[in-house]
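Notes for the structure review
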Amino acid sequence: MADYEINRQKEKTPMPEQDAQERAKNFNQVALGYDVEQAINEARRCLQCKNRPCVDGCPVNVPIPDFINWVAKGDFAMGYATNKRANALPAICGRVCPQETQCEGVCTRGKTGDPVGIGYLERFVADWGFDHPAEAAAAFAVQQGRNAKLHGFRVAIVGSGPSGLTCAGELAKQGADVTVFEALHAVGGVLSYGIPEFRLPKDLVAREIALTETLGVKFENNVVIGKLFDVKELMTTQGFDAVFIGTGAGLPSYLYIEGEGLNGVCTANELLTRVNLMKAYEFPEYDTPVYVGKKCVVVGGGNVAMDAARTSLRLGADTTIVYRRGREEMPARVEEVRHAEEEGVKFSMLTNPVRLIGNDDGWLTGVEVVDMELSEPDESGRRRPVPVEGSNHVIDCDMFVIAIGNHSNPLISQTTPEIKANERNLLIVDPETCATSMPGVFAGGDAVSGAATVILAMGAGKRAAAGIAEYLTNKASENQA
Ligand code: FAD
Ligand code: SF4
């Protein structure tokens, strides 16, 4: 039972957004966030259901009705702390989680109208916490549930994406001495180098990471595990008691068609890393340049393709997405597709590239594509696209971005073969504890599941932390026996 008056409004309280024409020319945040009045209005749409389906729908089990209850009553410090205790990265999840297929997908209010804007409210409390650090810290100190159970143990985390950050924070809260090793010069994984500034401002990522540091987590950047040390060395010469591997799925997939080596062709990873991590859109103020064509074609239908297309549009290219299936089959979030369309990205559905065409100087001039039609569903459950004979035609372009997926780097299992991987180089783990085949070594996130989502990676980081805590406490009891 809610102890506030339920707001019967059927529609979600809209989130203010930057004007589409305006935002298509800048890298500032698209969605602007709720003010206090909008947040309370939306929070009061929550029915405080006894069976709490939304909590089960969340991979890190945020106590959603509880944090919303605080917001509805105007106690934002407690709303923040209640959320943050379960979710290490609320400012990030509130912006990029696919809530429509998780907590909001099972929200009771969704049966007769829009679900409660759980993501919008999560973003609200997280941002409120940043704006009111003293009050947020005081409330969090009451809520966070620290203990010293793992005092004296050293844990190495390989990779600083959402899985590694979550695992690190959970273990540090229990007193473990945690060091995160990151291959790049910046912490955050895809949150820092992949997802663009206009969806996830990098100062917010830095602020969430700074809060993880306040728990005592140490970060060592520019360290590639598998090159400087391998995992076995971490557990022997480097003296760590346990290791978590959260190395993600950062290797781009290619189309393997003629012309992929032409100038003007790149992967979404390269484009997004240059723009996000190296701030190439501010070249020459920043060192890294980025090539921008007049007409850009992006191939793919997921979030990465939307991010690449919206980025090339902002850099000034007339941008078209080509995708071999139909709109309904697109794996990208509905909101991202809508935003891309509003900003002026064009879509060419049921279209597949077969060849990239270049001039004598090795520069791209166009892409030959073929029309597709959908036949029976394949193993993914989506209808299989098949080429329409004789439908080949050329789309002129001088920039082509490949955004058809990412896969995992084999470095860890190649350098430490005791850690078993499958034929796709994904690490094999016990689904409950995240333990790998090597004692003391745990893994989670995209390195195990293949390219997935932030919240699934965080869920795995949390499960692995519980698995590591159990492993270490068992080890301590064995040593005492
Ligand atoms: P990652 O975030 O990939 O982090 C792995 C880290 O490990 C990296 O920093 C890497 O440098 C480091 N590393 C790798 N190998 C080593 C090594 N040998 N030694 C040391 N460090 C190493 N998900 C959503 O939920 N919503 C979205 O809107 C969304 N948009 C996306 C947009 C883009 C462009 C991309 C690429 C992904 C997107 N995703 C989105 C997916 C999501 O970001 C990933 O599922 C998530 O980041 C995976 O987390 P992770 O911790 O497993 O790995
Ligand atoms: Fe509130 Fe929806 Fe969760 Fe019910 S399911 S408690 S209405 S957020």
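Residues numbered from 1 in each chain as written. Chains lettered and ligands numbered in written order. Predicted model: local features only at pLDDT ≥ 70, side-chain atom pairs only at ≥ 80, totals over all residues. Heavy atoms only, no water.

1. Describing the site of ligand 1
Threshold: Any residue with a heavy atom lying within 4 Å of a molecule or strand is counted as near it. A 3.5 Å cut-off defines polar contacts: any pair of N or O atoms within that distance qualifies, except that in protein one atom must be a possible hydrogen donor and the other a possible acceptor, and neighbouring residues in sequence count only when both atoms are side-chain atoms. We get accessible surface area from the Shrake-Rupley algorithm with a probe of 1.4 Å; when it comes to residues, only the shown protein chains can shield them. The way it works is that DSSP assigns letters per residue, a run of H or I at least four long becomes a helix, a run of E at least two long becomes a strand, and they are numbered from the N terminus.
Neighbouring residues of ligand 1: 34 residues in total, closest Val96, Ser163, Glu182, Arg199 and Ile225. In this structure, Asp446 approaches ligand 1 through a main-chain N or O atom, which is 2.9 Å from an oxygen atom. Between ligand 1 and Thr453, the relevant distance is 3.3 Å, taken from an oxygen atom to a main-chain nitrogen or oxygen of the residue. Within the complex, 93% of the 1,000 Å² of free accessible area of ligand 1 lies under protein. Those elements that provide at least two residues to the shell around ligand 1 are helix H9 (162–173), helix H14 (303–315) and helix H18 (454–480).

2. What to know about the sheet that holds strand E8 (residues 318–323)
Each strand in a sheet pairs with its neighbour through backbone hydrogen bonds, running either in the same direction (parallel) or in the opposite one (antiparallel). Selection criterion: Note: two strands are recorded as paired if DSSP finds a minimum of 2 bridges between them. Helix axes use the C-alpha atoms of the stretch in contact, all axes being lines fitted to C-alpha atoms, and the angles between their N-to-C directions lie in the range 0 to 180 degrees. Pairs of residues are marked as contacts when any of their non-hydrogen atoms sit within 4.5 Å.
Spatial ordering of the open sheet is given by E6-E14-E7-E8-E9, a layout of five strands whose pairing is parallel. The open sheet is flanked by strand E6 (265–267) and strand E9 (346–349), the only strands paired with a single partner. Neighbour-to-neighbour, the strand axes of the sheet open up by a mean angle of 20°, direction not taken into account. Here E6 pairs with strand E14 (residues 399–402) via three bridges, running parallel. If you follow Val265 over to E14, its bridge partner there is Phe400. Together, strand E7 (295–299), E8, E9 and E14 form the strand contacts of H14, whose direction differs from that of E8 by roughly 165°.

3. Description of the domain arrangement of the protein
We count it as follows: Boundary definitions for the domains trace back to an automatic or database domain assignment. Here the quantity called buried area is the total loss of accessible area, with a 1.4 Å probe, experienced by two parts when brought into contact, counted for both. A pair is scored as a salt bridge if a Lys or Arg side-chain nitrogen falls within 4 Å of a carboxyl oxygen belonging to Asp or Glu. Polarity classes work like this: nonpolar for Ala, Val, Leu, Ile, Met, Phe, Trp, Tyr, Cys and Pro, charged for Asp, Glu, Lys and Arg, and polar for all others, with Gly in that last group.
With domains assigned, the protein is organised as domain 1 (20–144), domain 2 (154–250 + 408–480) and domain 3 (252–406). Counting residues at the interface gives 14 residues for domain 1 and 13 residues for domain 3. A per-residue breakdown of the area domain 1 buries against domain 3 is headed by Arg23, Ala24 and Phe27, which together make up 52% of the total. Where domain 1 packs against domain 3, one counts three salt bridges. In this structure, Arg23 and Glu342 form a salt bridge, with 2.8 Å as the shortest nitrogen-oxygen distance. Taken together, domain 1 and domain 3 are joined by nine residue pairs in polar contact (both at pLDDT 80 or more). Looking at the side of domain 1 that touches domain 3, the elements with two or more residues in it are helix H1 (20–23) and helix H6 (90–96). When its residues are assigned to classes, the side of domain 1 that touches domain 3 shows eight nonpolar, three polar and three charged.

4. With respect to the pattern of salt bridges
Stated formally: The buried label applies to any residue whose accessible area, calculated with a 1.4 Å probe on protein chains only, is under 20% of its type's maximum; exposed applies above 50%, and partly exposed to all values in between.
Here the structure, examined in full by the defined rule, presents 29 salt bridges. Across the pair Arg123 and Asp127 runs a salt bridge whose closest N-O atoms are separated by 3.7 Å. Residue Arg123 and its partner Asp127 are both found in helix H7 (residues 118–131); the two are separated by four residues, about one turn of the helix. On the accessibility criterion, Arg123 (5% relative accessible area) is buried.

5. With respect to the environment of Gly188
Inspection of the secondary structure puts Gly188 in the loop between strand E2 (177–181) and helix H10 (190–193). Residue class for Gly188 comes out buried when judged on its relative accessible area of 0%. Along the chain, Gly188 and Gly161 lie 27 residues apart, while their C-alpha atoms are 4.7 Å from each other. Not counting residues within four places of it along the chain, the set of residues in contact with Gly188 comprises Ser160, Gly161, Pro162 and Ile209.

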